[in-house]
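# Chain and residue survey
Each chain, written out:
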Amino acid sequence: MSLPFTALADPTRRRILDLLRRRPHLAGEIGEALGLSQPGASKHLRVLREAGLVRVRREAQRRWYELDPAPLAEMDAWLAPYRRMWRESLDALERHLDEGRGPEEEP
């Protein structure tokens, strides 16, 4: 699971996934939308493909890139206990702060 995290550390790759979330794109469309050169877009797409986050569908001479949500679902499942921990901690903080307020301080 470390490859998807490593791939997503780069903000350009996250922007590419944001594009692909809407619909499949050609490499040239991705480069144009993000202001990347063709080699630059290809490099980022290769990293995303190797991390399993992107699939390629060939149609004649064209290559369509599309999001593969499976690794993101795995990441989400791994992060779930941490979200619970933070939610519980923030709820406890809110209760603590509410206890310290007097009636005239209520929002």
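A short tour of the structure in this document, coming up. Remember, predicted model here, so these are calculated numbers, not experimental data.

This part takes up the packing of aromatic side chains. What the rule picks out here adds up to two aromatic pairs. Summarising the aromatic geometry, the rings of Phe-5 and Trp-78 are spaced 5.6 Å apart at their centres and angled 70° between planes, so their arrangement reads as edge-to-face. Of the two residues, Phe-5 sits in helix α1 (residues 2–8) while Trp-78 sits in helix α5 (residues 70–100), which places them 73 residues apart along the sequence. The exposure class assigned to Phe-5 is partly exposed, which follows from its relative accessible area of 33%.

One finds Ile-16, Leu-17, Leu-20, Ile-30, Leu-48 and Leu-53 to be the most contacted residues of the largest nonpolar core, which totals 16 residues. At the level of elements, α1, α2 (11–22), α3 (27–34), α4 (38–50) and β3 (62–67) are the ones that each hand at least two residues to this core. Counting residues per element, this core draws most heavily on α2, at four residues.

This part takes up the sheet that holds strand β1 (residues 25–26). Note: strands within a sheet are paired through backbone hydrogen bonds, in either parallel or antiparallel orientation. Across the sheet, three strands lie side by side as β1-β3-β2; this open sheet has antiparallel pairing. On the outer flanks of this sheet lie β1 and β2 (54–59), each paired with one strand and no other. Relative to β3, β2 runs antiparallel, the two sharing six bridges. When the bridges of β3 are listed, Val-56 appears paired with Tyr-65.

A word on the pairing of β3. Strand direction decides the pairing type here: β1 and β3, joined by two bridges, are antiparallel. If you follow Leu-26 over to β3, its bridge partner there is Trp-64. Linkage of β2 to β3, two consecutive antiparallel strands, is achieved through a turn of two residues, within which Ala-60 is found at a positive phi near 55°.

As a further point, take the packing of α2 against α4. Two numbers describe how α2 lies on α4: the axes approach to 10 Å, and their chain directions differ by 75°. The angle between α2 and α4 falls in the class roughly perpendicular. Counting all contacts with α2, which are made through Thr-12, Arg-13, Ile-16 and Leu-17, the residues of α4 involved are His-44, Leu-45, Val-47 and Leu-48. Across the contact of α2 with α4, the residue classes break down as five nonpolar, two polar and one charged.

Cut-offs used in this document
Residues numbered from 1 in each chain as written. Predicted model: local features only at pLDDT ≥ 70, side-chain atom pairs only at ≥ 80, totals over all residues. Heavy atoms only, no water. Phe/Tyr/Trp six-rings, centres within 6.5 Å; stacked < 30°, edge-to-face > 60°. Helix = DSSP H or I, 4+ residues; strand = E, 2+ residues; numbered from the N terminus. Buried < 20%, exposed > 50% of the residue type's maximum accessible area, 1.4 Å probe, protein only. Core = buried A, V, L, I, M, F, W, Y, C linked by side-chain atoms within 4.5 Å. Pairing = 2+ DSSP bridges. Axes fitted to C-alpha atoms, helices over the stretch in contact; angles between N-to-C directions. Parallel < 35°, antiparallel > 145°, perpendicular 65-115°, else oblique. Contact = heavy atoms within 4.5 Å. Nonpolar A, V, L, I, M, F, W, Y, C, P; charged D, E, K, R; others polar.

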